[in-house]
Structure formats: structure tokens, C-alpha cells
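# Structural characterization, general
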Amino acid sequence: MFENTIVNILSNIWPMVVIFTVILSSLRLTYIKKYQEEFIFYKEILKLGFIIYIMSLFYVVTFQDVSWSTSNFIPFKEMFRYELGSVMFLKNVVGNMIMFMPYGFFISYFLKADKKSMIIYLSIIVSLTIETTQLMIGRVFDVDDIMLNILGGLIGFYAYQFVYMMKSHLPSSLKNNTFYNIVVVIFLLFIFWYLYQILWLGV
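The following paragraphs examine the structure supplied in this document. The numbering scheme is per chain: residues are counted from 1 as the chain's sequence reads. For this predicted model, a pLDDT threshold of at least 70 governs which residues receive local features, and a threshold of 80 or more governs which side-chain atom pairs are given and counted, while totals over whole chains, interfaces and linings are taken from all residues. To get the side-chain values, all heavy atoms of the structure are used, and hydrogens and water are removed first.

### Focus on helix 3 (residues 87-111)
- Between the first and last C-alpha of helix 3 there are 35 Å, a value that for 25 residues agrees with the 36 Å anticipated at 1.5 Å per step.
- Taken as a whole, helix 3 carries its principal kink of about 40 degrees at G95.
- Put simply, DSSP H or I for four residues or longer makes a helix, DSSP E for two residues or longer makes a strand, and each gets a number counted from the N terminus. At the exit of helix 3 stands K112, carrying a positive phi of roughly 50 degrees. Each helix should span, by expectation, one fewer than its residue count multiplied by 1.5 Å. Given a residue, its bend is the angle between the two axes fitted to the seven residues that end at it and to the seven that start from it.

Following this line, the structure appears as C-alpha cells:
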């Protein structure tokens with residue numbers, strides 16, 4: 001189910017992703033060259049990845065079909081009406097957590113967050129804005145989504161803390177930009193291979 005969602009999102013946003021990537025990358029590289037800043041590949045990829053994530057999030061919360069649901073202002077009402085492991089449980093409960101995990105990770109990285117209260121606060125602001133906007137454009141408001149988004153943001157925060165902990169335990173010879181760049185390249189190759197499998201080969 002999640003693969004179908006990924007395919008649906010990418011098939012609709014890839015033109016915007018390509019255009020934004022070219023525009024932002026060319027501007028950023030020109031800026032780096034003009035002001036003679038150091039180019040660190042993995043940091044630039046993380047910045048670009050965050051922008052692509054935001055574009056994907058925008059598509060998911062504004063264009064995906066919600067005909068199966070109605071507005072909910074009662075906490076836990078929607079979560080508990082789905083059978084554990086059912087398609088709707090995975091879509092509405094697990095999906096809303098997964099959707100905000102990258103947000104928690106990215107803002108933890110950019111803000112060097114070391115307290116979960118910061119992630120909770122920022123997740124509330126963004127999720128509440130999303131749900132309110134959805135209500136204003138004729139979609140649905142779901143208080144459970146806000147709680148699940150916050151939980152997803154916290155999972156992203158703990159994922160960042162885990163990566164940071166692993167980084168601190170690396171031998172000093174590997175604590176350099178070259179190693180981090182290699183790790184990001186390997187990760188990108190895996191992502192491209194995965195997308196190739198599901199988008200072009202239909203595996």
C-alpha cells in the first residue's frame with residue numbers, strides 16, 4: 001500500500017521536483033562560488049531533501065482523496081475505529097506517523113535539537129496549520145492526525161538522536177565530510193534503485 005502511495009505522489013510531483021532541484025541547485029552553487037563558501041555535499045543534499053519532502057507533504061495534505069473520512073474533533077475517535085493491521089489503519093494511523101517522521105528528523109538536524117519539547121511544539125504548529133487549512137479548503141480536520149503527526153515528529157527526533165549517537169562513536173578517522181559524503185551517496189543510490197524498481201519495473 002505504501003509503495004502505491006509513493007508512486008502516486010512521485011508521478012504527480014516529479015515535474016515540480018525537477019524544476020525546483022535545478023533552480024535551487026544552480027542558485028546555491030552560484031552563491032557558494034561567488035562567496036567562496038565550502039561545498040559540503042551531504043549538507044547540501046539534506047537541505048534539498050527537506051525541500052522535496054515539504055513539496056511531497058503539500059501534495060499529500062492537499063490533493064489526496066479523503067472521501068472515506070469526515071472531520072473529527074474528538075481525540076482517539078478515528079484511531080480506535082480501525083481494525084489493527086487493516087488497510088485503513090495503515091493509511092490513517094501508521095501513515096500519519098510516517099508522514100511526519102522526516103519532519104522530526106530534518107528539523108532536529110537543522111536546529112541541532114536536543115530536547116523533544118522543541119519538536120513537539122513545532123510539530124503542533126505545522127500539523128495544526130495543515131488540519132486547519134484542510135478544513136478551510138473543503139477537506140477534513142482530524143484531531144487524531146495532529147496527535148499522530150506529533151508522534152511521528154518525535155520518532156524522527158529519536159531517529160536523529162540515534163544517528164547522532166552513532167556518529168559520536170565513530171573512530172576519529174571517519175569523522176570527516178568525505179565519509180559522510182560517501183554514506184549519503186550510497187543512500188541516494190539505494191533510493192534511486194528503489195524508485196527505479198517501483199516506478200519503471202513495477203516490482
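### Thoughts on the layout of surface pockets
- For cavity detection a 1 Å grid was placed over the protein atoms alone, and a set of points counts as a cavity when a 1.4 Å probe fits there but cannot get out; an open set counts as a pocket when protein lies on both sides within 12 Å along at least five of seven lines, with lining residues being those that have an atom within 4 Å of a point. Grid points are joined across faces, edges and corners, and a volume is the space filled by probe spheres set on the points. Size it by volume and the second largest pocket reaches roughly 240 Å³.
- As for the second largest pocket, its lining consists of L24, S25, R28, L29, F39, F41, E44, I45, K47, L48 and I51.
- For the lining of the second largest pocket, the secondary-structure elements that each account for two or more residues are helix 1 (2-34) and helix 2 (41-63).
- The element contributing the most residues to the lining of the second largest pocket is helix 2, with six residues.
- A class-by-class count of the residues in the lining of the second largest pocket yields seven nonpolar, one polar and three charged. Three classes are used: nonpolar for Ala, Val, Leu, Ile, Met, Phe, Trp, Tyr, Cys and Pro, charged for Asp, Glu, Lys and Arg, and polar for all others, with Gly counted as polar.

### Notes on helix 6 (residues 177-199)
- Over its 23 residues, helix 6 extends 32 Å from the first C-alpha to the last, a length consistent with the 33 Å expected when each residue adds 1.5 Å.
- For every residue, the accessible area (1.4 Å probe, protein chains only) is compared with the maximum for its type, and the residue is labelled buried under 20%, exposed over 50%, or partly exposed between those bounds. All buried positions along helix 6 are accounted for by Y180, N181, V184, L195, Q197 and I198.
- The term polar contact refers here to a pair of N or O atoms within 3.5 Å; inside protein, the definition further demands a hydrogen-donor-capable atom paired with an acceptor-capable atom, and it admits residues adjacent in sequence only when both atoms are side-chain atoms. Its side-chain oxygen placed 3.1 Å from the backbone nitrogen of T178, N176 serves as the N-cap of helix 6.

### Concerning the packing of helix 4 (residues 116-136) against helix 5 (residues 143-168)
- Structural elements are reduced to axes, namely lines fitted to C-alpha atoms, with helices fitted over the stretch in contact, and the angle between N-to-C directions of any two is expressed from 0 to 180 degrees. In the contact formed by helix 4 and helix 5, the axes pass within 9 Å of each other and the chain directions differ by 140 degrees. Remark: the crossing between helix 4 and helix 5 carries right-handed chirality. Touching K116, I119, I120, S123, I124, S127, L128 and E131 of helix 4 are D145, I146, N149, I150, G153, L154, F157 and Y158, all from helix 5.
- Here the residues of the contact of helix 4 with helix 5 are counted per class, giving nine nonpolar, four polar and three charged. Whether a crossing is left-handed or right-handed is set by the direction in which the near helix is turned from the far one by less than a right angle, anticlockwise for left-handed and clockwise for right-handed. The criterion used for residue contact is that any of the two residues' heavy atoms lie within 4.5 Å.

Nothing here speaks to function; it is all geometry.
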